[in-house]
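Below, each chain spelled out in residue letters.
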Amino acid sequence: MNLPLKVDLNGKVAVVTGAGGILCGSMALALALSGAKVALLDINKAAVEKLAEEIKEAGGDAIPVVCNVLEQQSIKDARQQVLDAYGPCDILINGAGGNNPRATTDSEIFHKDQLGKEKTFFDIGKEDLDFVFGLNFTGTFLPTQEFAKDMILKEHSNIINIASVNTYLPLTKIPAYAAAKEAVGNFTKWLATYFSDSGIRVNAIAPGFLATHQTRPLFYEADGTTPTKRMNKILNGTPMKRLGESHELLGAILFLLSDEAASFVTGAIIPIDGGYTAYSGV
Ligand code: NAD
């Protein structure tokens, strides 16, 4: 990996949730290559074990930690593992998140004749809502509550949340995810204020449409190559006319983590979306 910015994170302990996924896995590698000791938290044990090996092979220091960001005891156990291995954490990236088809409507706009024929707003169960809203919002709140206990004892610490274009404007079909990501943006600003006298800067990045496992079915039909109607709409709404790549998030992450470059930056949400949220469509 070629780092887009040189930031010295030597001596820092970083915790990355959702590190088994595409985006946060690449953030974790970037942090390790910048000198941080990185705890890779995820429910997917195999994914974080594999990443820890890759990071070690690349010369970095990382440990896999199995953790469910929705369970307080699991997060407490994870914090203890991090304390035992590396000591108190300085950096938390709250990356675990995502949508689920169970909380997704089939159509963008409701018509009565859809009732009983397709999945509408009325078919989204409370469990589906709780699952998606919880993973993205509560799954950001609870790890912050636990790991910030280490940060309040330090002089410079950083929390980065992963927002989305939904933080600004809800995308169609995904009401629970969209609301949760708006809540993540709101919480980022709340936390930035709350911890402003504690040496903890709290910021977020808001990625646009990126090519990852999770988003691939949104962009391509089952054959894997034909763009979906939604993909065409996305490209029309993106002034830069393309999807983003995961490595394009790393510059903002490293910038936000730099206590020199971003010393006065807290409560910021940085869109990384090829202009999607800047464009009115006209
Ligand atoms: P991904 O599915 O590749 O990774 C998500 C990871 O979270 C997975 O490894 C999964 O095992 C883990 N996870 C799920 N539930 C968990 C739980 N309860 N506890 C711990 N770990 C859990 O997703 P990604 O595309 O890399 O997305 C990472 C973050 O970026 C998410 O918050 C997502 O909402 C956000 N995001 C993604 C995009 C995109 O285009 N991919 C755009 C905007 C925001």
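Going by the structure above, here's the rest.
Residues numbered from 1 in each chain as written. Predicted model: local features only at pLDDT ≥ 70, side-chain atom pairs only at ≥ 80, totals over all residues. Heavy atoms only, no water.

Once that is clear, we can look at the packing of aromatic side chains. Using the criterion set out here, one finds 10 aromatic pairs in the structure. Here the aromatic cluster, defined as three or more aromatic residues joined through ring pairs, consists of Phe-133, Phe-137, Phe-141 and Phe-187. (Phe/Tyr/Trp six-rings, centres within 6.5 Å; stacked < 30°, edge-to-face > 60°.)

Spatially, seven strands are ordered E3-E2-E1-E4-E5-E6-E7 in an open sheet, and the strand pairing comes out parallel. With partners counted over all chains shown, the strands left at the sheet margins are strand E3 (61-66) and strand E7 (269-272), one partner each. Across this sheet, the average inter-strand angle for adjacent strands is 15°, counted without regard to direction. Examined bridge by bridge, strand E6 (residues 200-207) and E7 share four bridges and lie parallel to one another. From the neighbouring strand, Ala-204 faces E7, where its bridge partner is Ile-269. Set on the sheet, helix H5 (residues 175-194) makes contact with strand E5 (157-162), E6 and E7; between it and E5 the angle comes to about 165°. Against the sheet, helix H8 (residues 250-257) touches strand E4 (91-94), E5, E6 and E7, its axis set at about 170° to E6. (Pairing = 2+ DSSP bridges. Helix = DSSP H or I, 4+ residues; strand = E, 2+ residues; numbered from the N terminus. Axes fitted to C-alpha atoms, helices over the stretch in contact; angles between N-to-C directions. Contact = heavy atoms within 4.5 Å.)

Here the focus is helix H2 (residues 45-57). Between the first and last C-alpha of H2 there are 19 Å, a value that for 13 residues agrees with the 18 Å anticipated at 1.5 Å per step. Along H2, the residues that are buried comprise Ala-47, Val-48, Leu-51, Ala-52 and Ile-55. Looking down the long axis of H2, one finds its buried residues gathered within 130° of arc, a one-sided arrangement. Away from its buried face, by an angle of more than 90 degrees, H2 presents the exposed residues Ala-46, Lys-50 and Glu-57. On its buried face, H2 is in contact with helix H1 (22-33), strand E2 (37-42) and E3. The N-capping residue of H2, defined by a side-chain oxygen 3.3 Å from the backbone nitrogen of Ala-46, is Asn-44. Directly beyond the C-terminal end of H2, a positive phi value near 95° is found at Gly-59. (Expected span 1.5 Å × (residues − 1). Buried < 20%, exposed > 50% of the residue type's maximum accessible area, 1.4 Å probe, protein only. Arc of directions from axis to C-beta. Polar contact = N/O pair within 3.5 Å; in protein donor to acceptor, adjacent residues only side chain to side chain.)

There is a patch of nonpolar side chains on the surface, built from Phe-110, Leu-115, Phe-121 and Phe-122 and spanning about 460 Å² of accessible area. Note on placement: Leu-115 falls in the loop between E4 and helix H4 (126-151). (Patch = residues over 30% accessible without salt bridge, like charges linked within 9 Å, V, L, I, M, F, W, Y side chains within 5 Å. Areas by Shrake-Rupley, 256 points an atom, 1.4 Å probe, with all protein chains shown as cover. Salt bridge = Lys/Arg side-chain N within 4 Å of Asp/Glu carboxyl O.)

What follows concerns the pairing of E5. The buried fraction of E5 is high, at six of six residues. Of the two faces of E5, the one lined by Ser-157, Ile-159 and Asn-161 and the one lined by Asn-158, Ile-160 and Ile-162 are each fully buried. As defined by bridge partners, E4 adjoins E5 across four bridges and the pair is classed as parallel. When the sheet's bridge partners are listed, Ile-91 is paired in E5 with Asn-158. With H4 bridging E4 and the parallel E5, this β-α-β connection has right-handed handedness. Pairing between E5 and E6: six bridges, direction parallel. Paired with Asn-158 across the strands is Arg-201, a residue of E6. (Right-handed = clockwise from strand over helix to strand, strands pointing away.)

Look at helix H3 (residues 72-85) against H4: their axes get within 9 Å of each other, and the N-to-C directions meet at 30°. Looking at the two axes, H3 sits roughly parallel to H4. The two elements H3 and H4 cross, and the hand of that crossing is right-handed. Contacts between H3 and H4 involve Gln-72, Ile-75, Lys-76, Ala-78, Arg-79, Val-82 and Leu-83 from the first element and Leu-142, Pro-143, Gln-145, Glu-146, Phe-147, Lys-149 and Asp-150 from the second. Here the residues of the contact of H3 with H4 sort into seven nonpolar, two polar and five charged. (Parallel < 35°, antiparallel > 145°, perpendicular 65-115°, else oblique. Left-handed = near helix turned anticlockwise from the far one by under 90°. Nonpolar A, V, L, I, M, F, W, Y, C, P; charged D, E, K, R; others polar.)

Here the focus is the pairing of E3. Sheet analysis places E2 next to E3, joined by six bridges and oriented parallel. Counted as the bridge partner of Leu-40 is Pro-64 from E3. As a crossover connection, the stretch from E2 through H2 into E3 is right-handed.

Counted by the stated rule, this structure contains 15 salt bridges. Between Glu-53 and Lys-56 there is a salt bridge, with the nearest N and O atoms lying 4.0 Å from each other. Remark: Lys-56 and Glu-53 occur in helix H2; sequence separation between them is three residues, near one turn of the helix. Residue Asp-259 is joined to Arg-201 by a salt bridge in which the shortest nitrogen-to-oxygen separation is 3.2 Å. Here the residue Asp-259 occupies a position in the loop between H8 and E7, and Arg-201 occupies one in strand E6, the gap between them amounting to 58 residues. Linked by salt bridges that have partners in common, Lys-76, Arg-79, Glu-146, Lys-149 and Asp-150 make up one network.

Coordinates in, geometry out; function isn't part of it.
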